[in-house]
Structures are given as structure tokens and as C-alpha cells.
Amino acid sequence: GDSVTQMEGPVTLSEEAFLTINCTYTATGYPSLFWYVQYPGEGLQLLLKATKADDKGSNKGFEATYRKETTSFHLEKGSVQVSDSAVYFCASSGGGADGLTFGKGTHLIIQP
Amino acid sequence: EAGVAQSPRYKIIEKRQSVAFWCNPISGHATLYWYQQILGQGPKLLIQFQNNGVVDDSQLPKDRFSAERLKGVDSTLKIQPAKLEDSAVYLCASSLEGERGQPQHFGDGTRLSIL
């Protein structure tokens, strides 16, 4: 079946550092790809998405590009802030309104 | 726009007891999902409804879990009898139907502890 693998945490960075969280997927067909974020004490929120190869999703300074050749959807941000501290989940969906397959999550800690 | 509503927020029961969770999706969202999130893991899909019909329940442990969405709006998820391994956060999500890549909107979840 489908699966999503993302780098284990916690990831600890200093404010203004560059962030990369790796995510790779296995799926039959061409899934849609998502990054969700869970801030402390809050529910899961969609951060960004991409629905086809070479699409780039972006939001709040975060970006991720759908790479079909490497089956990857790595999350990047050029300069992180303390407020970015959260758990980040990479997820895939088979298509239409299919359920999501999630990675295990990466806990990001940004120190001032 | 009101978000996905879930209740209760927390529930503590003993093993072998039964428990039920309730979810009200965003108005107009035809698709409703229940996920189980065990501590330290990502959410796992349990069941997906399209209006009041089940689309996917392949990962639902049907010997003890059941779910319904009788009028195509709110939904209940039940566990009977509960086991220790059912301790988790149960998340409800909803989305508009049809379009590829439609995002899912999540509720705050119900945290279940089994003693």
C-alpha cells in the first residue's frame, strides 16, 4: 500500500536558520501531496499542497516541490522563526477525496 | 466559517468498557473521515464516508469499532469493548467532494485513555 517516510525528529535549529524536512512517498499512480502542521495545543492545519509533478506548494515562507523522479516532497524555509516550532506531517492522497496517508511527523524546535 | 467540531475532548475509560465520539463536519462538506493517531505516530485513516455511505473502511477493526453517519452530516465512532492499545487521539476531518487535492479540515480530536 501507499506509505510516506519523513525524517525523524526532533530537529533543533536556531532562529533564521535554513530548514529542510525530507519526505518521500510510495504510491500507485500519481498522488496529491500535502504538508500539515500542528502547533502546540492546536489541531492539524494544512500548510501547503501540490497535486501534480513539478508543482510547487508554498505558504508562510515554506515551500515544497513535487518531484516524481525522486518520489519526494521536501519541505523548506529560508529563515525559520521561533513561531515555526511545531510538528510537521507529510501526507499523500491517492486522488479525488481519498483518505490521507501520513508520515510519522517531525518535531521542529526553533531556539531564539 | 465554523470548523470541524468534536466531542468530548478527553475521555478516560477502563478496558472492556465502551465509548463513543461525535463529530460535526464543516457545513456543506460531503466527505467525512475518522483517523486514529497513536502517540508519536501520524494519523491513520479508519473510515471514510461520502454523504451517508462508507467509501473506505479497510483499516477499521470491525470486531470492536463501528461508525455511522446516518443523515450525511454528523457522525459517531464507537469502540466496544475497548482495549489498552486503543489509547490514542481520534481525529475527525471533512472535505468538499470531488476535486483532486481537496484539503481535509481537521477537528481538535478526542484524546482517549484506556486504564
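As a reminder, the structure under discussion sits directly above these lines.
Residues numbered from 1 in each chain as written. Chains lettered and ligands numbered in written order. Predicted model: local features only at pLDDT ≥ 70, side-chain atom pairs only at ≥ 80, totals over all residues. Heavy atoms only, no water.

Asks: Would you explain unusual backbone geometry in this entry?
Replies: The general pattern is negative phi for most residues beyond glycine and trans for most peptide bonds. The step from Gly9 of chain A to Pro10 of chain A runs through a cis peptide bond, and the omega angle for that step is -5°. Locating Pro10 of chain A in the fold gives a position in the loop between β1 (3-6) and β2 (11-14). Residues Gln80 of chain B and Pro81 of chain B are joined by a peptide bond in cis, for which omega reads -5°. Within the secondary structure, Pro81 of chain B sits in the loop between β8 (75-79) and β9 (88-95). Non-glycine residue Thr71 of chain A carries a positive phi angle of around 45°. Relative to the elements of secondary structure, Thr71 of chain A occurs in the loop between β8 (62-65) and β9 (75-77). Judged by relative accessible area, Thr71 of chain A falls into the partly exposed class, the value being 30%. One non-glycine residue, Asn51 of chain B, lies in positive phi territory at about 55°. Relative to the helices and strands, Asn51 of chain B is located in the loop between β5 (44-50) and β6 (53-56). Under the relative-accessibility criterion, Asn51 of chain B is labelled partly exposed at 37%. (Helix = DSSP H or I, 4+ residues; strand = E, 2+ residues; numbered from the N terminus. Buried < 20%, exposed > 50% of the residue type's maximum accessible area, 1.4 Å probe, protein only.)

Asks: Looking at this structure, I do not really get the sheet that holds β9 of chain A. What am I missing?
Replies: Residue and element names in this part refer to chain A. Read from one edge of the open sheet, 4 strands run β3-β9-β8-β7, paired in antiparallel fashion. Edge positions in the sheet fall to β3 (19-21) and β7 (56-59), since each of these pairs with one other strand and no more. Ignoring which end each strand starts from, the neighbouring axes of this sheet average 20° apart. Across 3 bridges, the pairing between β8 and β9 is antiparallel. In the strand pairing of β9, Phe62 is matched with Lys77. (Pairing = 2+ DSSP bridges. Axes fitted to C-alpha atoms, helices over the stretch in contact; angles between N-to-C directions.)

Asks: What am I meant to see in the nonpolar core here?
Replies: Soluble, globular proteins show a tendency: their nonpolar side chains are buried together. All names here are of chain A. Of all hydrophobic cores here, the largest spans 25 residues; its most connected members are Trp35, Leu47, Leu48, Phe73, Leu75 and Tyr88. Put simply, the parts of the chain that give this core at least two residues each are β2, β3, β4 (23-26), β5 (32-38), β6 (44-50), β8, β10 (86-93) and β12 (106-111). Apart from residues lying up to four places away in sequence, Leu48 is in contact with Leu33, Phe34, Trp35, Gly57, Ser58, Asn59, Phe62, Glu63, Ala64, Phe73 and Leu75. (Core = buried A, V, L, I, M, F, W, Y, C linked by side-chain atoms within 4.5 Å. Contact = heavy atoms within 4.5 Å.)

Asks: Is there a simple way to explain the side chain of Ser94 of chain B in this structure?
Replies: Residue and element names in this part refer to chain B. Tracing the chain through its elements places Ser94 in strand β9. At a separation of 3.4 Å, a polar atom in the side chain of Ser94 contacts the main-chain amide nitrogen of Ile26. Of the polar contacts made by the side chain of Ser94, one reaches the side chain of His29; its length is 2.8 Å. For Ser94, the residues in contact, after removing those within four places along its chain, are Val4, Pro25, Ile26, His29, Thr31, Leu32, Tyr33, Pro103, Gln104 and His105. (Polar contact = N/O pair within 3.5 Å; in protein donor to acceptor, adjacent residues only side chain to side chain.)

Asks: Honestly, the state of the cysteines in this entry has me stumped. Any pointers?
Replies: Disulfide: a covalent bond connecting the sulfur atoms of a pair of cysteines. All names here are of chain A. Summed over all chains, the structure comprises 2 disulfides over all chains. Covalent S-S linkage joins Cys23 and Cys90, the inter-sulfur distance amounting to 1.9 Å. The sign of the S-S torsion, about -70°, decides the handedness of the disulfide formed by Cys23 and Cys90: left-handed. One end of the pair, Cys23, is in strand β4; the other, Cys90, is in strand β10, with 67 residues separating them in the sequence. Take Cys23: its relative accessible area is 1%, and that puts it in the buried class. Residue Cys90 is classed as buried on the basis of its relative accessible area, which comes to 1%. (Disulfide = S-S within 2.5 Å.)

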